[in-house]
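Topology and contacts: notes
Read off the chains here:
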Amino acid sequence: MFPMSPTSFKPANLSPAPDYDALCVDISAGLQADHAWTSPKYLYDELGSKLFEAICELPEYYPTRTEAAIFEQHGAAIARAVGPGSTLIDLGAGNCAKAASLFPLLHPTQYVALDISYDFLRAALDRLQQRFPQIAMSALGLDFSNQFDLPGSVRSAQRLFFYPGSSIGNFAPDQALAFLQRLRAHSLPDSALLIGVDLVKDKAILDAAYDDALGVTAAFNLNLLRHLNVLLDADFDVRQWQHRGFFDAAKSRIEMHLEARSDLDVTWRGGRRRFARGERIHTENSYKYTPEAFASLLQQAGFEQVQAWTDADEWYAVMHARPLGA
Ligand code: AVI
């Protein structure tokens, strides 16, 4: 029988008292590097997550709606590749809305939602369980971008690792390969991967998607400084910085930066730095692939039988693959 309420797994490393000293040392090192940088994970405090949801509604930001359109148009073929009764493992589930919209198409038996933000996830899953009582549900508070373990409550049968939204693009290709290899290591012969991949396209389209007319992406990027002020007790003045977001075709990636509008000094717990006018903090990369390049990355990671569905413009792909030798 399926449990009546979702089960949970909250690992020790997500206790309510994170190691702030280690975090400060980590962020300080990036801010003091020759080319200052921060991890994109700091874009997502509470306001940052809301701003990202707003980005997904923008006319310029095509990935969200294009991925949804691919599921709409090729749903039957995707459902055939997946097969009913899967253990749907949602990597970076957030509010679980994307996976939930696919339940009527994919008919999973178990839904396992993973997200670093456990409390948010727990609340979303409780609501979802009411709507889909026939699906067994578990919430896992895990940072799956690093090494992770799946608890015994996760069924081993028909594991479907679901990684939508082109989040794979926020890893550098070598990190993306390592991540896919970790998924391969958690796969059994009847497991599979269903992943959203943003494709290389015209620079003007990509530039607009990451530097929209309303300035929502600018706000999303600048909000990182507010987050650092809270995390590090820093004194960034948001008005002294501007957003830069552009496609670098040679590196096949979007780069997001924050650029100092004038010479300025910033101090934070454990560090300080003078930024010259025009100097930048590199805040995010978003890699874009050709279908062939991504299929080859999948193969290198130990996946085969790659199937891909794209929109008519070939702006985006949803890919399904099985572990090698399955
Ligand atoms: C979450 N990730 C897939 C987004 C992207 O497109 O790389 C993050 C984002 N950054 C700016 N706009 C959206």
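Take the nonpolar core next. With 36 residues, the main nonpolar core has Ile27, Leu31, Leu232, Phe236, Trp241, Phe275 and Ile281 as its most contacted residues. Listed by contribution, the elements that provide at least two residues to this core are α1 (20–31), α2 (46–55), α7 (203–209), α8 (216–232), β7 (241–248), β8 (253–260) and β9 (264–268). If one sorts the elements of this core by residue count, α8 sits on top with eight residues. In terms of nonpolar packing, the next biggest core, distinct from the first, is built from 33 residues, Leu114, Leu150, Tyr287 and Phe294 among them.

Glancing now at the packing of α2 against α8. Relative to each other, α2 and α8 sit at 170°, their axes nearing to 9 Å. Taken together, the axis directions place α2 and α8 in an arrangement best described as roughly antiparallel. Within the contact between the two elements, α2 uses Leu47, Gly48, Leu51, Phe52, Ala54 and Ile55 and α8 uses Val216, Thr217, Ala219, Phe220, Asn223 and Arg226. Taken together, the residues of the contact of α2 with α8 sort by class into eight nonpolar, three polar and one charged.

Surrounding the ligand, one finds 13 residues, the nearest of these being Tyr61, Asn170, Tyr210, Glu284 and Ser286. In the environment of the ligand, a nitrogen atom lies 2.8 Å from a nitrogen or oxygen atom belonging to the side chain of asparagine 170. Contact distances for the ligand include 2.7 Å between an oxygen atom and a side-chain N or O atom of serine 286. Contact with the protein chains removes 96% of the 340 Å² of surface that the ligand exposes when unbound.

The next point concerns the domain arrangement of the chain. Once the domains are mapped, the chain shows domain 1 (62–201 + 288–323) and domain 2 (203–287). Measuring from the centre of the C-alpha atoms in domain 1 to the corresponding centre in domain 2 gives 29 Å. In this complex, domain 1 contributes 12 residues to the contact, which on the side of domain 2 involves 13 residues. Of the roughly 1000 Å² buried where domain 1 meets domain 2, counting both sides, 58% is carbon and sulfur surface. Among the residues of domain 1 in contact with domain 2, Asn170, Lys201 and Lys288 are the three that bury the most area, contributing 55% of the side total. At the boundary of domain 1 with domain 2, the tally comes to seven residue pairs in polar contact (both at pLDDT 80 or more). In the side of domain 1 that touches domain 2, the residues fall into seven nonpolar, two polar and three charged.

Each pair of packed helices gets described by two things: the angle between the helix axes and the distance between those axes. Contact geometry for helix α6 (residues 173–185) and helix α9 (residues 291–300): axes closest at 9 Å, N-to-C directions at 50°. Between α6 and α9, the interaxial angle falls into the category oblique. Crossing angle aside, the handedness with which α6 passes α9 is right-handed. Taken together, the residues of α9 that come into contact with α6 (itself represented by Pro173, Ala176, Leu177, Leu180 and Gln181) are Phe294, Leu297, Leu298 and Gln300. In the contact of α6 with α9, the residues fall into seven nonpolar, two polar and no charged.

Another point: α1. End to end, α1 covers 16 Å across 12 residues, agreeing with the expected 16 Å (1.5 Å per residue, within 8%). Listed in full, the buried residues belonging to α1 are Leu23, Cys24, Ile27, Ser28, Gly30 and Leu31. Seen end-on, α1 carries its buried residues on one side only, within an arc spanning 160°. Exposed positions of α1 whose direction lies more than 90 degrees from the buried face are Asp21 and Val25. On its buried face, α1 sits against α8, β9, β10 (271–275) and β11 (280–287).

What follows concerns unusual backbone geometry. Even without being glycine, histidine 107 reaches a positive phi, approximately 45°. Along the chain, the position of histidine 107 falls in the loop between α4 (97–106) and β3 (110–115). Residue glutamine 305 is not a glycine yet carries a positive backbone phi of 50°. Tracing the backbone through its elements, the reader meets glutamine 305 in strand β12 (residues 303–310).

Note on strand geometry: in a regular strand, side chains alternate between the two faces of the sheet. In terms of burial, β3 is largely enclosed, as six of its six residues are buried. Residue alternation in β3 divides its side chains into two sets, Gln110, Val112 and Leu114 and Tyr111, Ala113 and Asp115, and both sets are buried. Of the crossover connections in this fold, the one passing from strand β2 (residues 87–91) over α4 to the parallel β3 is right-handed. When β3 meets strand β4 (residues 136–141), the two strands line up parallel, connected through six bridges. Looking across to β4, one finds that alanine 113 is bridged to alanine 139. For the crossover from β3 across helix α5 (residues 118–131) to β4, the handedness is right-handed.

A separate point is the pattern of salt bridges. What the rule picks out here adds up to 13 salt bridges. Here lysine 98 ties to glutamate 67 by a salt bridge, and the two come within 3.1 Å at their closest N and O atoms. Of the two residues, lysine 98 sits in helix α4 while glutamate 67 sits in helix α3 (residues 62–82), which places them 31 residues apart along the sequence. On the basis of relative accessibility, which here comes to 3%, the residue glutamate 67 falls in the buried class. One salt-bridge network, in which partners are shared between bridges, spans Asp198, Lys201 and Lys288.

Cut-offs used in this document
- Residues numbered from 1 in each chain as written.
- Predicted model: local features only at pLDDT ≥ 70, side-chain atom pairs only at ≥ 80, totals over all residues.
- Heavy atoms only, no water.
- Core = buried A, V, L, I, M, F, W, Y, C linked by side-chain atoms within 4.5 Å.
- Buried < 20%, exposed > 50% of the residue type's maximum accessible area, 1.4 Å probe, protein only.
- Helix = DSSP H or I, 4+ residues; strand = E, 2+ residues; numbered from the N terminus.
- Axes fitted to C-alpha atoms, helices over the stretch in contact; angles between N-to-C directions.
- Parallel < 35°, antiparallel > 145°, perpendicular 65-115°, else oblique.
- Contact = heavy atoms within 4.5 Å.
- Nonpolar A, V, L, I, M, F, W, Y, C, P; charged D, E, K, R; others polar.
- Near = heavy atom within 4 Å.
- Polar contact = N/O pair within 3.5 Å; in protein donor to acceptor, adjacent residues only side chain to side chain.
- Areas by Shrake-Rupley, 256 points an atom, 1.4 Å probe, with all protein chains shown as cover.
- Domains from an automatic or database assignment.
- Buried area = accessible area lost by both parts, 1.4 Å probe.
- Left-handed = near helix turned anticlockwise from the far one by under 90°.
- Expected span 1.5 Å × (residues − 1).
- Arc of directions from axis to C-beta.
- Right-handed = clockwise from strand over helix to strand, strands pointing away.
- Pairing = 2+ DSSP bridges.
- Salt bridge = Lys/Arg side-chain N within 4 Å of Asp/Glu carboxyl O.

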